[in-house]
Amino acid sequence: MYPSLYHFLLETFGIEITLLKVINTFGLFVAFAFVGASICQSKELMRKFEEGKLLATEKNVLRGKGLNVLNLVINLIIGFLIGFKLIYLLFNQEEATIDPPAFFLSSTGSVWGGILVSLLFGYSQYRDYIKEKKKYPEEKNVLTKILPQHLSGNITLVAAIFGIAGAKLFHLLENPKELQDFFSDFSAQNFLSGLTIYGGLIVGGIAVLIYMYRNKIHPLHGADANAPGLFLAYGIGRLGCHFSGDGDWGIANSNPKPFSWLPDWLWSYPYPNNVLSWSRYSEKGGYTGKALTEDMGYYIHEGYGTYLDPGVYPTPVYEALFSIAVFFLLWKFRKKFIIPGTLLCVYLMINGFERFWIEKIRVNEDLSWWSNVTQAELISVSLFLLGLIGFIYLKKRNKTDLTLQ
């Protein structure tokens, strides 16, 4: 496993770039996931606009106005924070990369670096102001047409902010002990680790629907435009779980392979060098974390040299393969879903079905008030039923001309 991009390059190519320790493997895949979903969403919004299912909006934008002092101050602050950390990181790589999350949340940094980058940010905004003044010497309202696909970046940003917040919130609710530690023993590790995908889906999804409604993007068409990309994003994110070894693996699997042609790692995998450095017994999973030894044939990364015994079901791989395959299917047949909202309903049903059954071989805590049932199982069943009821309801309505006037 590769806790960071540094570990991947070191083990795979023998290239050692200390600075790359700050690029977390899981975080990198999450970024790829958002980019992939955003591209798919933008293409779908464009297609729906060209087909007349979504309309452009017009907005009066004040051009040629004076320098916005508030924006200038915000840019100066952001520039200072970036320079404060990054300049120090460039000249103190060994120290800063011992524990990257702790470093970025600490007060350690370069004041002169912060001032330098802050001035660069301020100058950039001032230059934009001069260009604006040359184009519009006097203040005037300019009627600007905004196409649905132009809002794709903002939609992705809303999904990222509220999705990550929701994923953290649901994880803490699912793990009461961690909720207590989060406030009583706050640290970079317990702040950044532990995310529940359904929390991100629910909170992020609600935030995106509200944003689209406020910007006159029909919620059902907008939701359909996001549905295929959600499967792509989920699949890429699960690959991040696998390659980092973040604990979203399955229960112990010492059973013999059902098919001889099936690779050993796809049936049972020990997750060597997992980012958790798991080194204890898991009562829920039935495996024990042990120290790697040189005779095992695995590269041993300093600080991460553990593996699971026995190996476990590599459930992130199963979910990634399934989700990416479903993405291609939905992308191919998306135009056949004429009734707005039905593609979203199909997404909810498939997502709920897949997650319910994968939970049977995953490691997850039971709900405190309902034994033998996990939070994910309860939500997955709810999503499946919501999708089924919604699909039947929309088919009965059979309205294919839903547009915003």
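Just above, that's the structure.
Residues numbered from 1 in each chain as written. Predicted model: local features only at pLDDT ≥ 70, side-chain atom pairs only at ≥ 80, totals over all residues. Heavy atoms only, no water.

Peer 1: When you look at the sheet that holds strand E3 (residues 281-282) in this model, what are you seeing that I'm missing?
Peer 2: Strand pairs in the sheet, formed through backbone hydrogen bonds, run parallel or antiparallel to each other. Spatially, the 3 strands line up as an open sheet ordered E3-E4-E5, and their pairing is antiparallel. Looking at strand neighbours, the two that pair on one side only are E3 and strand E5 (306-309), the edges of this open sheet. Where E3 and strand E4 (residues 287-291) come together, 2 bridges link them in antiparallel fashion. Opposite tyrosine 281, over in E4, you have threonine 288 as the bridge partner. (Pairing = 2+ DSSP bridges. Helix = DSSP H or I, 4+ residues; strand = E, 2+ residues; numbered from the N terminus.)

Peer 1: Which parts of the structure should I look at to understand helix H11 (residues 219-244)?
Peer 2: Every α-helix carries 3.6 residues per turn, so stepping three or four residues along brings you back to the same face. Here H11 contains 26 residues, and its C-alpha end-to-end distance of 35 Å stays within 8% of the 38 Å for a straight helix at 1.5 Å per residue. A maximum bend of about 35 degrees is found in H11 at alanine 227, where proline proline 228 lies one to four positions downstream. With 21 of 26 residues buried, H11 lies mostly within the body of the structure. Directly after H11, the chain includes glycine 245, whose backbone phi takes a positive value near 65 degrees. (Expected span 1.5 Å × (residues − 1). Bend = angle between axes of the 7 residues up to and from the residue. Buried < 20%, exposed > 50% of the residue type's maximum accessible area, 1.4 Å probe, protein only.)

Peer 1: So what exactly am I meant to see when it comes to a nonpolar patch on the surface here?
Peer 2: On the surface, Phe353, Trp357, Val381, Phe384, Leu385, Leu388, Ile389 and Ile392 cluster together to form a nonpolar patch covering roughly 750 Å² of accessible area. Considering each element in turn, the nonpolar patch owes the most residues, 6 residues, to helix H15 (residues 375-397). Relative to the helices and strands, isoleucine 392 resides in helix H15. (Patch = residues over 30% accessible without salt bridge, like charges linked within 9 Å, V, L, I, M, F, W, Y side chains within 5 Å. Areas by Shrake-Rupley, 256 points an atom, 1.4 Å probe, with all protein chains shown as cover. Salt bridge = Lys/Arg side-chain N within 4 Å of Asp/Glu carboxyl O.)

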